[in-house]
Amino acid sequence: MLLTEKFKDTNIILASQSPRRKELLAGLGLSFSTISLDIDETFDRDIYKAEKITELLSAKKAQAYTAIQPNDLIITSDTTVWVDGESLEKAENREEAYEMIKKLSGKTHSVYTSVTIRTINKEKTFSDETLVTFSDLSDEEIYFYIDNYKPYDKAGAYGVQEWIGYIGVENMNGSYFNVMGLPTHKLYQELKNL
């Protein structure tokens, strides 16, 4: 059974204001609404590493939706960039964005995205990893990207679908959509199995 048929009477709610996640979920052919959830995104950096960070935050977002109804299906997600044992989340300013992209230049890093699917009586969190290799980027290229694309709402201060992805990504092992913020192939399978 296609997902459009399976969930035709379900109120699917994407708890994200990310335009990329909205576009990717819409690409699965599903009708949904969006909400914004504010949660405390701090975590113990000694305990939580790599995909454990995104799993924690995605599940926290799902639990923050307290108005869940019997017909609701909540989808939450979180993405981080992991390089040299460090998690790169969103940059606060131009210099922080520069420092993040400089750390990625000429290296391979992991992009982890975790998704939580929650109904009134079920909850499941799953993750995906994509390895991304950047070429060596000059300071001029990095600042051009930051100044023209303002990537302050993106993990690791970059969007693979933007100019920097076109000129800087040498290799990718895994899902492109995962790097954009939603592993659509895994989400589709999990929704089929729900």
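Residues numbered from 1 in each chain as written. Predicted model: local features only at pLDDT ≥ 70, side-chain atom pairs only at ≥ 80, totals over all residues. Heavy atoms only, no water.

**Here's the deal with the overall build of the protein chain**
Here is step 1: The secondary structure content of the protein chain amounts to eight helices and seven strands.
Here is step 2: Whereas a compact globule of 194 residues would reach a radius of gyration of roughly 16 Å, the protein chain reaches 17 Å, a difference of no more than 12%.
Here is step 3: Taken along the three principal axes of its C-alpha coordinates, the protein chain extends 50 × 35 × 25 Å.
Here is step 4: With 194 residues in all, the protein chain has 48% of them scored as buried.
Here is step 5: Summarising the internal contacts of the protein chain: among those between residues at least 6 apart in sequence, 67% fall at separations of at least 24.
Here is step 6: For the protein chain, the computed accessible surface area is about 9600 Å², with 47% contributed by carbon and sulfur atoms.
Here is step 7: Of the side chains in the protein chain, 22 bear a positive and 31 a negative charge, and the two mean positions are spaced by 6 Å. (Helix = DSSP H or I, 4+ residues; strand = E, 2+ residues; numbered from the N terminus. Rg over C-alpha atoms; globule rule 2.2 N^0.38 Å. Buried < 20%, exposed > 50% of the residue type's maximum accessible area, 1.4 Å probe, protein only. Contact = heavy atoms within 4.5 Å. Areas by Shrake-Rupley, 256 points an atom, 1.4 Å probe, with all protein chains shown as cover. Lys, Arg positive; Asp, Glu negative; His and termini not counted. Charge placed at Lys NZ, Arg CZ, Asp CG, Glu CD.)

**With respect to helix H5 (residues 139-149)**
Here is step 1: Within H5 the residues assigned to the buried category are Ile142, Tyr145 and Ile146. Take H5 and look down its axis: the buried residues cluster within an arc of 95 degrees, on one side only.
Here is step 2: Taken together, the buried residues of H5 touch helix H4 (94-104) and helix H6 (163-168).
Here is step 3: Downstream of H5 by one or two residues, Lys150 has phi in the positive range, about 45 degrees. (Arc of directions from axis to C-beta.)

**Considering the pattern of salt bridges**
Where charged atoms from two side chains of opposite charge come close, those side chains can pair.
Here is step 1: According to the stated counting rule, one finds 14 salt bridges in the structure shown.
Here is step 2: A salt bridge links Lys102 to Asp139, with the nearest nitrogen and oxygen atoms 3.0 Å apart. In this pair, Lys102 is assigned in helix H4 and Asp139 in helix H5, connecting sequence segments 37 residues apart.
Here is step 3: Bridged by salt links that share partners, the residues Arg20, Asp153, Lys154 and Glu162 form one connected network. (Salt bridge = Lys/Arg side-chain N within 4 Å of Asp/Glu carboxyl O.)

**What to know about the packing of H4 against H5**
Packed helices, taken two at a time, are described by the angle between their axes plus the distance between the axes.
Here is step 1: In contact at an axis separation of 10 Å, H4 and H5 are set at 130 degrees when each is read in the N-to-C sense. It follows that H4 is oblique to H5 by the angle criterion. As for the relative orientation of H4 and H5, their crossing is right-handed in sense. When H4 is examined against H5, the residues Arg94, Glu95, Ala97, Tyr98, Ile101 and Lys102 are found in contact with a partner set consisting of Asp139, Ile142, Tyr143, Tyr145, Ile146 and Asp147. (Axes fitted to C-alpha atoms, helices over the stretch in contact; angles between N-to-C directions. Parallel < 35°, antiparallel > 145°, perpendicular 65-115°, else oblique. Left-handed = near helix turned anticlockwise from the far one by under 90°.)

**Some points on the packing of aromatic side chains**
Here is step 1: For the coordinates displayed, the defined rule picks out five aromatic pairs.
Here is step 2: Ring centres of Tyr98 and Tyr143 lie 4.7 Å apart, and the angle between their planes is 5 degrees; this geometry places the pair in the stacked category. Pair noted here: Tyr98 is in helix H4 and Tyr143 is in helix H5, with a separation of 45 residues, a long-range link.
Here is step 3: Taken together, a centroid distance of 5.7 Å and an interplanar angle of 75 degrees make the contact between Tyr176 and Phe177 edge-to-face.
Here is step 4: The class for Phe177 is partly exposed, based on a relative accessible area of 38%. (Phe/Tyr/Trp six-rings, centres within 6.5 Å; stacked < 30°, edge-to-face > 60°.)

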